[in-house]
Amino acid sequence: MSSHSLSILIVDDTPTNAKQLEAVARKLGHHTILAGNGEEAIARFQSEQPDLIFLDIMMPVMDGITAARHIRALPSEKWTPIVFFSALDQMQDIVRGLEAGGDDYIVKPASLHILRAKINSYARMLSLQREARANAEELRNWRMDAEEQSRLGAHVMSRLTDASGLRDPMIRHFNMPAETFSGDLLCAARAPGEVLNVLLADAAGHGLAAALSAMPLTQAFYSMTAKGFPLPSIAEELNRKLKSILPPDRFVAATLAAIDVRNQTVEVWNGGNPDALFLNARGEVAMQWASNHPPLGILPDKLFSGMTETVVFHEPGDLVLCSDGLTEAENPAGGWFSIDGVRDAMSQARGSEARFSSLLQGVMDHLGGHPGRDDISALLVSVPIDRRRQIRFDTPTPSHQGHLAEWRLDLSYGAQELRYIDVVPAVLGFVTQIQALKAHQGALFLIFSELFNNALDHGLLGLDSATKSWIGGFELYMRQRGERLAKLRTGRIDIAFQLHQIDSRAVLDISMTDTGPGFDFEKRLNNPDALGAGNELAYGRGIALVKNLCGQVVYSGNGNKVWVRYVVSDLIVESEEAEVETATQHSDGAGDDTDLVMF
Amino acid sequence: MSVTLNQQAGIGTLSISGNFTFGIHREFRRLSEQALDDPACKQLDMDLAGVQYLDSSALGMLLLAREKAAAQGKQIRLKGATGHALQILQAVKFDQMFELV
């Protein structure tokens, strides 16, 4: 027992009685306050806030019973025991005292041993009470602290994960946390070439720890998507990042998908999440991507595989990603919603909006009003068939500078580098550092990636783009590409960029030369059917797109050299009122200094 | 749910039954460390035949045990998983990291 000293209020009109008690209390190390009647007792109780009261009953002015009632009626935060100490020894006196709010009753005269034992006993009880109050207080402070941290955490987390990319009209999503924080993370962003990248990550566990584990993914996902890195490279980087940050028993299941409407492909990497589904217009599962990899953050770099599965779609539909919180959502009988439940909830609804609401409604009905045991999230991408030939970018802003600094960049990649470097994002990373080119990142990505992929795929790897037009050809093409690239030992691609001024325009010339055998460009490109509606879908579309963006596209050599000119902006030298035109409208520039094939 | 350890002829067998979730992590950790720290135990089998459900924290516990085993040059095998437990282990490709028997 703590030797905490009590302050004891002794109320008695007989000084001898009061002195006796006072002597016992002081000997035990307690402090005493004296009062001669009930009224004084109330006043001293209020001013001194004693820990314990000894109260006589028969006193002048106000008796002890009345005083006890008054004291008990006063607002108080703590319990102050009242011990009646009276010569009245009848049963009804004792009951009356206890009913008035007394905790104990000692009949006078009492032995010193009894008084000492009583005081000691109350000292123990009061010390327990003090401890409990201190604990409750501490707990309250902890809780307030935790709530404050939670509030701050939730705010920061929501800012960090609030991606304007999720507000893309193609996307619908929900994320219902099991606690304040969700360990499920949804991200979406457009790559420079209009490809839509999405990520649904589910960190092991839930709550703040899980939310923290998923956090490092956002930055890498957004920055690599913005730079146009391919999905496998993004998966590898996300894994590397988590592996270096998380302890061995923490990991993050994730599904990454790239939706390329122009090429009509959906590319998926699924590590540990439920199957990703592609539902066609009739509500049938047209494609399904099961988990093919361990979750992120488990395997070391050299064992990790970022290999994706790419599928060509021929009809519009909805791509659906979810966390296992959705498939394992339990109904009151313990049954799981399951991947079939996900499919069934959506298959009857027509249109993405209706499907999305049906899915949400379906899981809510299944849960039957109970909260989920785990974080529940889903992301739906409506995937259209879009046969636009024209890609429009925002109108370039005119440059107000009178003179443009000229700039030139020459690069040469050998087989060794081509095997493992993501050339397109690496090069565009440089190029778009140039202030004048920043606004053109999207168009330049498309142009450069088409030219580079042609040089690599057709020039060095000898792939035939006609393969893509067969059924299952795209998958075959991608497989061949991977195999041949891994074996590439010779060959080189030279790239040159030159930003300069022609008349009043700022232009960027890009040329690319590969060491491959080239192709019969005169025959192929002069053939009026080559870019006709039928063939354009399968191949030639890339070149048509480049032509659409550049105006001037010139092949030379064996067809292994290509040169394009992209109009960056009109330089406004004198007239501030000059019309601003979009890059795609400058398709008039036929008169270049070569006699080669030109669009 | 319960966790028990049996050791015989240099092979420790940690049998888990019921729901393999965070609720058993103390016992799981204590017994797996006991087995792995024992020089007589050359291999640790996780008997999952009695597991009805396992969640991500169970996967985390297995990964942690695997790391500890690897540091001591020992092997961990996952035995007898069926139904949901097996599906989960396959979905996260634990068959690439553990020997599944």
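What you see is a predicted model; the values in this text were computed from it and never measured.

Novice: Honestly, the overall build of chain B in this entry has me stumped. Any pointers?
Specialist: Tallying secondary structure elements over chain B gives 3 helices and 5 strands in all. Helices and strands appear in chain B in the N-to-C order β-β-α-β-α-β-α-β. Split into buried and exposed, the 101 residues of chain B put 45% on the buried side. Look at the contacts in chain B between residues 6 or more apart in sequence, and 70% of them connect residues 24 or more apart.

Novice: Would you mind going over the sheet that holds strand S17 (residues 492-502) of chain A with me for this structure?
Specialist: The pairing of strands in a sheet comes from backbone hydrogen bonds and takes either a parallel or an antiparallel form. All names here are of chain A. With respect to topology, 5 strands assemble into an open sheet ordered S16-S17-S18-S20-S19, the strand pairing being antiparallel. The open sheet is flanked by strand S16 (407-414) and strand S19 (552-556), the only strands paired with a single partner. The average undirected angle you get between the axes of adjacent strands in this sheet is 15°. Sheet analysis places S16 next to S17, joined by 8 bridges and oriented antiparallel. Along S17, the bridge assignment pairs Tyr-413 with Ile-493. Along the sheet, helix H13 (residues 423-431) makes contact with S16 and S17, crossing S16 at roughly 160°.

Novice: How do you make sense of the pattern of salt bridges when you look at a structure like this?
Specialist: When charged atoms on two side chains of opposite charge get close, those side chains can pair. All names here are of chain A. What the rule picks out here adds up to 29 salt bridges over all chains. With a closest N to O distance of 3.1 Å, Arg-26 and Glu-22 form a salt bridge. Placement of both Arg-26 and Glu-22 in helix H1 (residues 15-27) is noted, with a separation of 4 residues, approximately one turn of the helix. Take Arg-26: its relative accessible area is 52%, and that puts it in the exposed class. Its salt-bridge partner being Arg-262, residue Glu-450 comes within 3.3 Å of it at the nearest N-O pair. On the criterion of sequence distance, the pair formed by Glu-450 in helix H14 (residues 441-460) and Arg-262 in the loop between strand S9 (252-260) and strand S10 (265-271) is long-range, its members being 188 residues apart. The network of salt bridges with common partners includes Asp-12, Asp-56 and Lys-108.

Novice: Just checking my understanding: could you explain the environment of B:Asn19 for this structure?
Specialist: Residue and element names in this part refer to chain B. Structurally, the position occupied by Asn-19 is in strand S2 (residues 11-20). In this structure, the C-alpha to C-alpha distance between Asn-19 and Leu-36, residues 17 residues apart in sequence, is 23 Å. In this view, Asn-19 contacts Met-1, Ile-24, Gln-52 and Tyr-53; residues no more than four positions away in its chain are not counted.

Novice: For this particular structure, what's the right way to read helix H3 (residues 64-73) of chain A?
Specialist: Residues and elements named next belong to chain A. Taken together, the buried positions of H3 are occupied by Gly-64, Ile-65, Ala-67, Ala-68 and Ile-71. Buried residues of H3, seen end-on, are gathered within an arc of 160° and therefore sit on one face of the element. Of the surrounding elements, those touching the buried residues of H3 are helix H2 (38-48), strand S3 (52-55), strand S4 (82-86) and helix H4 (91-99). Capping the start of H3, Asp-63 holds a side-chain oxygen 2.9 Å from the backbone nitrogen of Ile-65, two or three residues further along.

Novice: What exactly am I supposed to notice about the confidence of the model for chain B here?
Specialist: Caution applies to low-pLDDT parts of the model: their predicted coordinates are not meant to be read in detail. Of all residues in chain B, 100% have pLDDT values of 70 or greater, and the mean over the chain is 92. Taken together, the chains of this predicted complex give a pTM of 0.73 and an interface ipTM of 0.86.

Novice: What exactly am I supposed to notice about the sheet that holds strand S1 (residues 7-11) of chain A here?
Specialist: All names here are of chain A. Taken in spatial order, the 5 strands make up an open sheet running S2-S1-S3-S4-S5, and their pairing is parallel. Each edge of the open sheet carries a strand with a single partner, namely strand S2 (31-35) and strand S5 (104-107). Across the sheet, the mean angle separating the axes of adjacent strands is 20° when strand polarity is ignored. Pairing of S4 with S5 involves 4 bridges; the strand directions are parallel. Bridge pairing in S5 places Phe-84 opposite Tyr-105.

Novice: What is the right way to look at the interface of chain B and chain A in this model?
Specialist: Across the contact, 15 residues belong to chain B and 16 residues belong to chain A. Surface buried jointly by chain B and chain A totals about 1300 Å² across both partners, of which 67% is contributed by carbon and sulfur atoms. Put simply, chain B and chain A have 0 salt bridges between them. Applying the counting criterion to the chain B and chain A interface returns 3 residue pairs in polar contact (both at pLDDT 80 or more). Secondary structure elements with two or more residues in the side of chain B that touches chain A: helix H2 (56-71) and helix H3 (83-91) of chain B. Tallying contributions element by element places H2(B) first for the side of chain B that touches chain A, with 6 residues. Of the residues contributing to the side of chain B that touches chain A, the split by class is 9 nonpolar, 4 polar and 2 charged.

Novice: Can you walk me through the pairing of strand S20 (residues 561-570) of chain A in this structure?
Specialist: Two faces, one strand: in a regular strand the side chains alternate between the faces of the sheet. Residues and elements named next belong to chain A. Counting buried positions along S20 gives 9 out of 10 residues, so the element sits mostly inside the fold. Pairing between strand S18 (residues 505-514) and S20: 9 bridges, direction antiparallel. Following the sheet pairing, Ser-511 is matched in S20 by Trp-563. Across 5 bridges, S19 lies against S20 in antiparallel orientation.

Novice: Help me understand the packing of H2(A) against H3(A) in this model?
Specialist: Packed helix pairs are specified by the crossing angle of their axes together with the interaxial distance, meaning the distance between the axes. Residue and element names in this part refer to chain A. At their nearest, the axes of H2 and H3 sit 8 Å apart, and the two run at 25° to each other. Between H2 and H3, the angle falls in the class roughly parallel. Relative to H3, the crossing made by H2 is right-handed. Residues Gly-38, Ile-42 and Phe-45 of H2 form the contact with H3, whose participating residues are Ala-67, His-70 and Ile-71. Looking at the contact of H2 with H3 residue by residue, the classes come out as 4 nonpolar, 2 polar and no charged.

What counts and how
- Residues numbered from 1 in each chain as written.
- Chains lettered and ligands numbered in written order.
- Predicted model: local features only at pLDDT ≥ 70, side-chain atom pairs only at ≥ 80, totals over all residues.
- Heavy atoms only, no water.
- Helix = DSSP H or I, 4+ residues; strand = E, 2+ residues; numbered from the N terminus.
- Buried < 20%, exposed > 50% of the residue type's maximum accessible area, 1.4 Å probe, protein only.
- Contact = heavy atoms within 4.5 Å.
- Pairing = 2+ DSSP bridges.
- Axes fitted to C-alpha atoms, helices over the stretch in contact; angles between N-to-C directions.
- Salt bridge = Lys/Arg side-chain N within 4 Å of Asp/Glu carboxyl O.
- Arc of directions from axis to C-beta.
- Polar contact = N/O pair within 3.5 Å; in protein donor to acceptor, adjacent residues only side chain to side chain.
- pLDDT = per-residue confidence, 0-100.
- Buried area = accessible area lost by both parts, 1.4 Å probe.
- Nonpolar A, V, L, I, M, F, W, Y, C, P; charged D, E, K, R; others polar.
- Parallel < 35°, antiparallel > 145°, perpendicular 65-115°, else oblique.
- Left-handed = near helix turned anticlockwise from the far one by under 90°.

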